[in-house]
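What follows is the residue order along each chain.
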Amino acid sequence: MPELPEAEVVARQIRARLLGARLREVWIGRADIVREGYSTVAWYRGATLQSVERFGKSIVLGFAKAQAGRYVVAELGMTGLLLFQSARTKHPRHTHVRFSFEGASEPELRYWNPRRFGRLSLLDKTGLERYVARRFGLDPLSASQQDFVRLLQGRRGRLKSLLMHQQVVAGIGNIYANEILFRAGLHPHVQVRRLSVGRMEKLYRIMREVLHEAIACGGSSVRDFLSPDGTEGQYKRRHLVYGREGQPCLHHCGGIIQRFQGERSAYFCPRCQSLRSTK
Ligand SMILES: [Zn+2]
């Protein structure tokens, strides 16, 4: 499932390719793909793409027309993709939304999702603010170390669940939570309140290193993720624990990667990630 790095790669590619382009038409194949604001779709015709942002795992396209602004929020869900495709190519099955832009050189931006867990919302500024406030906690890439430590200090519970809780830390899902915890030497089930400030600071640095490195690699293509230009993310090759159950630890500690079955599986090395290691 696309997480923060994949969403960031998508946002950056759309920004580079389509910022400033004028929308000719929005075609919505099925109304139930739009969570909110379906009746406002006509407004977007002729509007200019003014901003492309990422909040958590969502991509937010900001449009402007005659001093007014509206937004399209795209959630990719488990299997959703936003793809650049030529308007001349027939859209593949499961293409639910198409944005066509003026100018022959501009591709269509197509929202494709075979499993329809993702959604689009068409929102005004107030609607967007409400959406962001309701869903997203601290952003790992823009938050300061101090903000991150303060956030953890005010929390209870297991560390991995907390990192994946979108209203606490936005954008981290199962893949990156596992990779970050392994590199930080922290057990997925460690209680947050047992961590020293030093460990929290180290976790902050490693979290950002992992996310930035994954963005630079174009993300991880685990379940068929593709960026808008159709390329696969290469970070999967650098996964140290995710999907490596039963294989030797890559830190050469002699440990074997284990997997806990839970709501989401935790992959970890029992030697490198001791529950007692918190100081
Ligand atoms: Zn190990």
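Residues numbered from 1 in each chain as written. Predicted model: local features only at pLDDT ≥ 70, side-chain atom pairs only at ≥ 80, totals over all residues.

Novice: I'd like a rundown of the packing of helix H1 (residues 4-18) against helix H6 (residues 197-216), residues and numbers included.
Specialist: Packing of H1 against H6 leaves a shortest axis separation of 9 Å and a crossing angle of 45 degrees. In terms of their interaxial angle, H1 and H6 are classed as oblique. Where H1 crosses over H6, the handedness of that crossing is right-handed. Facing Leu4, Pro5, Glu8 and Val9 of H1, the residues of H6 in contact are Leu211, Ala214 and Ile215. Its residues assigned to classes, the contact of H1 with H6 comprises six nonpolar, no polar and one charged. (Axes fitted to C-alpha atoms, helices over the stretch in contact; angles between N-to-C directions. Helix = DSSP H or I, 4+ residues; strand = E, 2+ residues; numbered from the N terminus. Parallel < 35°, antiparallel > 145°, perpendicular 65-115°, else oblique. Left-handed = near helix turned anticlockwise from the far one by under 90°. Contact = placed C-beta atoms within 7 Å. Nonpolar A, V, L, I, M, F, W, Y, C, P; charged D, E, K, R; others polar.)

Novice: How would you summarise helix H5 (residues 174-184) if you had to cite specific residues and measurements?
Specialist: Burial within H5 is extensive, with eleven of its eleven residues counted as buried. Asn174, Ile175, Tyr176, Ala177, Asn178, Glu179, Ile180, Leu181, Phe182, Arg183 and Ala184 are the residues of H5 that are buried. A positive backbone phi angle near 70 degrees is found at Gly185, which sits one or two residues after H5. (Buried ≥ 20, exposed ≤ 12 C-beta atoms within 10 Å, placed from the backbone.)

Novice: Talk me through the pairing of strand E9 (residues 120-123); I want residue IDs and the actual numbers.
Specialist: Every regular strand shows the same layout, with side chains that alternate between the two sheet faces. Of the pairings in the sheet, the one linking strand E2 (residues 34-36) to E9 comprises two bridges and is parallel in character. Bridge pairing in E9 links Val34 to Leu120. Pairing between strand E5 (residues 68-75) and E9: four bridges, direction antiparallel. Bridge assignment links Ala74 to a residue of E9, and that residue is Leu120. (Pairing = 2+ DSSP bridges.)

Novice: Describe the sheet that holds strand E7 (residues 95-101), naming the residues involved and giving the relevant values.
Specialist: Across the sheet, four strands lie side by side as E1-E7-E8-E6; this open sheet has antiparallel pairing. With partners counted over all chains shown, the strands left at the sheet margins are strand E1 (23-28) and strand E6 (81-85), one partner each. Taking the axes of each pair of neighbouring strands and ignoring which way they run, one obtains an average angle of 20 degrees across the sheet. Looking at chain direction, E7 and strand E8 (residues 108-112) are connected through four bridges and run antiparallel. Bridging from a neighbouring strand, Thr95 pairs with Trp112 of E8. In this fold H1 packs onto E6, E7 and E8, with an angle of close to 25 degrees to the strand it touches most, E6.

Novice: Report on the sheet that holds strand E4 (residues 58-65), specifying residues and quantitative values.
Specialist: Ordered in space as E2-E9-E5-E4-E3, the five strands form an open sheet in which the pairing is mixed. Of all strands in the sheet, those with a lone pairing partner are E2 and strand E3 (48-55), marking the two edges. The sheet shows a mean angle of 25 degrees between the axes of neighbouring strands, taken without regard to direction. Pairing of E4 with E5 involves eight bridges; the strand directions are antiparallel. Bridge assignment links Ile59 to a residue of E5, and that residue is Ala74.

Novice: Tell me what's going on with the domain arrangement of the protein chain, and back it up with residues and numbers.
Specialist: As far as domains go, the protein chain holds domain 1 (4-135) and domain 2 (145-268). Relative placement of domain 1 and domain 2: their C-alpha centres are 28 Å apart. Counting from both sides, the interface comprises 19 residues of domain 1 and, opposite them, 22 residues of domain 2. Mapped by element, the contributors of at least two residues to the side of domain 1 that touches domain 2 are H1 and E6. Here the side of domain 1 that touches domain 2 is composed, by residue class, of twelve nonpolar, three polar and four charged. (Domains from an automatic or database assignment.)

Novice: Account for the packing of helix H3 (residues 145-153) against H6, with residues named and values stated.
Specialist: Taken N-terminus to C-terminus, the directions of H3 and H6 make an angle of 125 degrees; their axes are 9 Å apart at the nearest point. The pairing of H3 with H6 is recorded here as oblique in orientation. Here the hand of the crossing between H3 and H6 comes out right-handed. Contacts from Gln145, Phe148, Val149 and Leu152 in H3 reach Val197, Met200, Glu201 and Tyr204 in H6. Of the residues contributing to the contact of H3 with H6, the split by class is six nonpolar, one polar and one charged.

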